[in-house]
Amino acid sequence: MYIGDWMARGAQYWPETVAVVDVARGARHSYAQMNRRADDLAHWLAGAGVTRGDRVALLALNGVECLDLLFACAKLGAIFVPLNWRSHWRELVAVVDQTGPRVLVYGEEYVEAARQLAVCASIETWLHIGEAAGPDHVAYETALAGPGVAVHNPAVDAEHILALLFTGGTTGSPKAAQISYRMVAWNTLNTLVHELQRGDITLTHTPMFHTGGLFVHTLPVLTVGGTVVIMRKWTADDMLALIESERVTVLFCVPTQYQMMLDSPRFAATSFASVRFLTSGGAPLPVPIIHAFQATHRVAFKQGFGMTEFGPGLFSMRPEFAASKAGSVGQPNYFIDARILAEDGQPVPTGAVGELVLKGPAACSGYYNNPDATAAAFDAAGWFHTGDLARVDSDGFFYIVDRKKDMFISGGENVYPVEIEKVLYEHPAVAQCAVVPMPDPQWGEVGRAVVALRPGAVASEAELLEFCRAHLARYKIPKCIELRDTLPLSPAGKILKRAL
């Protein structure tokens, strides 16, 4: 079975095609060049003692090095562990102790964090991109100055683990999902069936320590000879400029990013002529954003839904349903089985709310060194319990109602914050919003909405509450609305409800 050496196949089929554009460095790398980089890095890692199953960690901003290391690990059968560079070094110590990498590759922005990680006993070798944090650390370019000898992983199996990705949810402690070659291959197939075509060009801007950065479009595009344009740090203006200059064909963003693009002075003048469609995920896409985009640029929108532990390509909304099925994440992708279950594990009626459970070959292999969490997530029949509350309509379109942990009970009634947030997003002044519960002596819990207004917009708490009263049952109306300049966001662009 041949699986897992993407750049070797890319160098065979499309050697001179540009595979990766590293915007920050102004560098363009063909498939042949990317394969040479991966071979040389794999050769160096093997010389440092890395063998099958060993973990190799990366602490660096988005760049070609992220893909170098992913592909080099695949050539050796090692496991790629990208670290969240937004974490405090004490949090990183805990993650490193949990995963036990033998090698740490770090960027010049994280010299101090690398010094602190010297307390981690598992790290034997240090490879630095830029300035070194110690005399025994090796420069990254040294590792790329290899003999140019092909490195192969002939014993690879579909169930072997390629990467450990930490869950990027907005609640709870992160766990390391085990990403197998099988999971990546089936997710790629799902993505090709529903979205991609040969030679697509995408922008990768989501941090590459998340599944959104690595597997939503990046690896599927590189499987079909396309081009991945890597942004080190995201800004709306930079993205708009790259969409036009690189002739991007497909693009994934979260709703807050689409709103920020709308607010950019560059938006109206940017050409979207090359773009086949825009995909949204991470949160429901407000219909006003679709309408505002299409008032200027007639580009198609696709709403999707995925997660670190499954897919991430789970559901896909075809553009023709973007408005008529607004709020839906679409229908399950080709090789995904999805159901809505009640607390007793039985299917709920059409339109009723229950927990979304999933089954299929694009599931992760449980959580690394965490059998209890794995057993809690997968039931005896192999269904993955997402913790998301959802419903499905008579046409088979799924709607995410809320996280089970986000739902609260007010006066005996279930309240789903996403439902309230959807209404607030309909107000023309609202740019971002989140609803979280707060204690109440009469009702047990009530909602508190935190809202950031669009630049230049004006709206009072009283006005927004009145807007909610016109659209929601009384028990769903927030007790108060707090206006802020901005809302806290995760690295994936999701609003951090735990911080509110």
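Residues numbered from 1 in each chain as written. Predicted model: local features only at pLDDT ≥ 70, side-chain atom pairs only at ≥ 80, totals over all residues. Heavy atoms only, no water.

### Details of the sheet that holds strand S19 (residues 384-392)
Working definition: the strands of a sheet are paired by backbone hydrogen bonds and lie parallel or antiparallel to each other.
Turning to step 1, where the next piece is worked out: The four strands lie next to each other as S17-S18-S19-S20, forming an open sheet whose pairing is antiparallel. Here the strands that pair on one side only, and so sit at the sheet edges, are strand S17 (337-341) and strand S20 (398-403). Here the average twist between neighbouring strands, direction ignored, is 45°.
Turning to step 2, where the next piece is worked out: Examined bridge by bridge, strand S18 (residues 354-359) and S19 share four bridges and lie antiparallel to one another. Within S19, the position partnered with Leu-358 by the bridge is Phe-384. (Pairing = 2+ DSSP bridges. Helix = DSSP H or I, 4+ residues; strand = E, 2+ residues; numbered from the N terminus. Axes fitted to C-alpha atoms, helices over the stretch in contact; angles between N-to-C directions.)

### Focus: empty space enclosed by the protein
Any space left empty among the atoms is revealed by the rolling of a water-sized probe across them.
Turning to step 1, where the next piece is worked out: For the structure shown, the criterion picks out four cavities of 30 Å³ or more.
Turning to step 2, where the next piece is worked out: Its boundaries defined by the atoms lining it, the largest cavity holds a volume of some 90 Å³.
Turning to step 3, where the next piece is worked out: Taken together, twelve residues make up the lining of the largest cavity; nearest its centre are Leu-285, Ile-290, Gln-303, Ala-322 and Gly-327.
Turning to step 4, where the next piece is worked out: With three residues, the single largest contributor to the lining of the largest cavity is strand S14 (residues 300-307). (1 Å grid on protein atoms, 1.4 Å probe; cavity = no way out; pocket = protein on both sides within 12 Å on 5 of 7 lines; lining within 4 Å. Points joined across faces, edges and corners; volume = space filled by probe spheres on them.)

### Points about the pairing of strand S1 (residues 18-22)
Turning to step 1, where the next piece is worked out: Of all five residues that make up S1, four are buried, and the element is covered over most of its length.
Turning to step 2, where the next piece is worked out: Two elements, S1 and strand S2 (residues 27-30), share four bridges in a ladder whose sense is antiparallel. Each bridged residue has a counterpart across the sheet, and for Val-18 the counterpart in S2 is Ser-30.
Turning to step 3, where the next piece is worked out: A loop of four residues connects S1 with S2, the two strands running antiparallel in sequence, and Gly-26 in this loop sits at a positive phi of about 65°. (Buried < 20%, exposed > 50% of the residue type's maximum accessible area, 1.4 Å probe, protein only.)

### As for the pattern of salt bridges
Turning to step 1, where the next piece is worked out: For the structure on display, the rule yields 22 salt bridges.
Turning to step 2, where the next piece is worked out: The shortest N-O distance in the salt bridge between Asp-395 and Lys-325 comes to 2.7 Å. Of this pair, Asp-395 sits in the loop between S19 and S20 while Lys-325 sits in the loop between strand S15 (310-316) and strand S16 (331-332), and the two are 70 residues apart along the sequence.
Turning to step 3, where the next piece is worked out: Through salt bridges with shared partners, a single network forms among Asp-5, Asp-39 and Lys-75. (Salt bridge = Lys/Arg side-chain N within 4 Å of Asp/Glu carboxyl O.)

### Re helix H1 (residues 6-13)
Turning to step 1, where the next piece is worked out: For H1, the set of buried residues is Trp-6, Met-7, Gly-10 and Ala-11. Summarising the axial view, the buried residues of H1 lie within an arc of 130°, below the 170-degree limit, and thus occupy one face.
Turning to step 2, where the next piece is worked out: Lining the buried residues of H1 we find helix H2 (31-47), helix H3 (64-76), strand S8 (161-166), helix H7 (181-194) and helix H9 (218-223). (Arc of directions from axis to C-beta. Contact = heavy atoms within 4.5 Å.)

### Some words on unusual backbone geometry
Turning to step 1, where the next piece is worked out: The omega torsion of the bond from Gly-311 to Pro-312 falls at 15°, within 30 degrees of zero and hence cis.
Turning to step 2, where the next piece is worked out: Here Pro-312 lies in strand S15.
Turning to step 3, where the next piece is worked out: At Arg-247, a position not held by glycine, the phi torsion is positive, near 55°.
Turning to step 4, where the next piece is worked out: Within the secondary structure layout, Arg-247 lies in the loop between helix H10 (236-245) and strand S12 (250-253).
Turning to step 5, where the next piece is worked out: In the Ramachandran plot, Asn-369 falls in the positive-phi region, its phi being about 50° despite a non-glycine side chain.
Turning to step 6, where the next piece is worked out: The topology assignment puts Asn-369 in the loop between S18 and helix H13 (371-377).
Turning to step 7, where the next piece is worked out: Residue classification places Asn-369 among the exposed positions, given a relative accessible area of 61%.

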